[in-house]
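As a plain string of letters, each chain reads:
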Amino acid sequence: MPKRIVIIGCGVSGTTAAFHARKTDRAAQITLLGDEELPEYSRCGLPYAFSHVVPSLEALIGHDEAFYEQMNRIDLRLGWKATRINKEGQNVEAVPAKGNQTKTFEYDALILTTGAQPSTIPVPGSELKGVFTIRTMNDIERLTNHLAENSAKRVAIIGAGLTGSEMAEALLERGMAVLEAEIVPEILPAILDPDMASIIRTQAERHGVEYHLQSSLEETEHPVGPERRSSSRTIGRNKDR
Ligand SMILES: Cc1cc2nc3c(=O)[nH]c(=O)nc-3n(C[C@H](O)[C@H](O)[C@H](O)COP(=O)(O)OP(=O)(O)OC[C@H]3O[C@@H](n4cnc5c(N)ncnc54)[C@H](O)[C@@H]3O)c2cc1C
């Protein structure tokens, strides 16, 4: 009987696992469950699709569905969220985004590649319209639509790590004024020493990024006034100023 392999999470890890499983076992029944509606795409490219350096969001998609299903005989279930793992019975329950009919997938081997979620800051106003996290293609589409619908001119970014810094560059490319707040004394703290990071910060400042270092988000609020009713204002505490 062919081995039944179920993979939860259709990002680069899950997709790599599925293709590798096919390479090493030509007979296996491979099921790939992903709660996003699209096949695997490059999250790294999202800021560049936003700024149009990459021509479109669709250009970030690695392979179309036929490549999974016909070339590699992978049962690709997009828009399916795994809701329960029954270890005893060796099966996974999942529900499709469209509909609520739970389906059970039996497995001999189960691979979890569910990735990560952006962390949010539990401050007043973090649920307001106009506050976004950036992780998925949907996030970029929502941000793009929001900026256009509100004729937005200024964007505040909380966190000057890699994603925040790439989004700052992308927003500048799209003509926005960018304010970036960072809780530690220098940008890109996870990947660069402060002396190196300060060179990049100086360049970014020349291009127009307004940094607030050693600042933490206290509140997000809608500014009063009909002309900017649906944009949001971010307040940071700047300890060194
Ligand atoms: C804007 C941005 C820029 C980045 N730039 C870089 C870069 O330049 N270099 C770099 O090395 N890395 C970069 N990264 C990080 C990189 O994208 C991640 O390390 C990578 O996506 C991790 O892949 P993954 O498959 O492990 O997880 P993910 O990509 O998070 O995929 C996991 C998938 O599992 C799905 N899932 C979760 N739970 C369930 C469930 N219960 N049922 C079904 N599906 C589920 C999720 O929705 C998701 O689609 C960037 C990330 C972002 C957001």
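Residues numbered from 1 in each chain as written. Predicted model: local features only at pLDDT ≥ 70, side-chain atom pairs only at ≥ 80, totals over all residues. Heavy atoms only, no water.

1. Regarding the confidence of the model for the chain
Here is step 1 of the chain: Looking at the chain, the pLDDT average stands at 92 and 92% of residues meet or exceed 70.
Here is step 2 of the chain: Across residues 225-241, confidence stays below pLDDT 50; counting only partners more than four residues off in sequence or on other chains, it has 41 contacts. (pLDDT = per-residue confidence, 0-100. Contact = heavy atoms within 4.5 Å.)

2. Digging into the sheet that holds strand 5 (residues 91-96)
Here is step 1 of the chain: Sheet architecture is open: three strands sit in the order 4-5-6, paired in antiparallel fashion. The two strands at the open ends of the sheet, each matched to only one other strand, are strand 4 (80-86) and strand 6 (103-106). The sheet shows a mean angle of 30 degrees between the axes of neighbouring strands, direction not considered.
Here is step 2 of the chain: Across six bridges, strand 4 lies against strand 5 in antiparallel orientation. The residue of strand 5 that forms the bridge with arginine 84 is glutamate 93. (Pairing = 2+ DSSP bridges. Helix = DSSP H or I, 4+ residues; strand = E, 2+ residues; numbered from the N terminus. Axes fitted to C-alpha atoms, helices over the stretch in contact; angles between N-to-C directions.)

3. Side note on the sheet that holds strand 3 (residues 74-78)
Here is step 1 of the chain: Pairing within the open sheet is parallel, and its four strands lie in the order 3-2-1-7. Bordering the open sheet on either side are strand 3 and strand 7 (109-112), each of which pairs with just one other strand. Across this sheet, the average inter-strand angle for adjacent strands is 15 degrees, counted without regard to direction.
Here is step 2 of the chain: Two strands pair when backbone bridges link them, and strand 1 (residues 4-8) and strand 2 (residues 29-34) are joined in this way by five bridges, in the parallel orientation. Paired with valine 6 across the two strands is threonine 31, which belongs to strand 2.
Here is step 3 of the chain: In this fold helix 1 (residues 12-24) packs onto strand 1, strand 2, strand 3 and strand 7, with an angle of close to 170 degrees to the strand it touches most, strand 2.

4. Some details on the environment of leucine 32
Here is step 1 of the chain: Structurally, the position occupied by leucine 32 is in strand 2.
Here is step 2 of the chain: Judged by its relative accessible area of 0%, leucine 32 is buried.
Here is step 3 of the chain: Distance from leucine 32 to alanine 17, taken between C-alpha atoms, is 9.5 Å for residues 15 residues apart in sequence.
Here is step 4 of the chain: Excluding residues that lie within four positions of it along the chain, leucine 32 makes contacts with Ile7, Gly9, Cys10, Gly14, Thr15, Ala18, Tyr68, Ile74, Asp75, Leu76 and Arg77. (Buried < 20%, exposed > 50% of the residue type's maximum accessible area, 1.4 Å probe, protein only.)

5. Some details on the environment of leucine 60
Here is step 1 of the chain: Note that leucine 60 resides in the loop between helix 2 (46-50) and helix 3 (65-71).
Here is step 2 of the chain: The class of leucine 60 is buried, set by a relative accessible area of 9%.
Here is step 3 of the chain: Put simply, leucine 60 and alanine 156 are 96 residues apart on the chain and 26 Å apart in space, counted from C-alpha to C-alpha.
Here is step 4 of the chain: Leucine 60 has contacts with Glu40, Tyr41, Ser42, Gly45, Leu46, Ala49, Val54 and Met137, leaving out every residue within four places of it along the chain.

6. Regarding the site of the ligand
Here is step 1 of the chain: Around the ligand sit 24 residues in total, of which Ser13, Asp35, Glu36, Arg43 and Arg135 are the nearest.
Here is step 2 of the chain: One of the backbone N or O atoms of valine 12 is found 3.1 Å from an oxygen atom in the ligand.
Here is step 3 of the chain: Between an oxygen atom of the ligand and a side-chain N or O atom of serine 13, the distance comes to 2.7 Å.
Here is step 4 of the chain: For the ligand, whose free accessible area comes to 1,000 Å², the fraction covered by protein is 74%.
Here is step 5 of the chain: Counting only elements with at least two residues in the shell around the ligand, the list comes to helix 1, strand 2, strand 4 and helix 5 (162-173).
Here is step 6 of the chain: Per-element tally for the shell around the ligand: the top contributor is strand 4, with three residues.
Here is step 7 of the chain: Taken together, the residues of the shell around the ligand sort by class into 10 nonpolar, eight polar and six charged. (Near = heavy atom within 4 Å. Polar contact = N/O pair within 3.5 Å; in protein donor to acceptor, adjacent residues only side chain to side chain. Areas by Shrake-Rupley, 256 points an atom, 1.4 Å probe, with all protein chains shown as cover. Nonpolar A, V, L, I, M, F, W, Y, C, P; charged D, E, K, R; others polar.)

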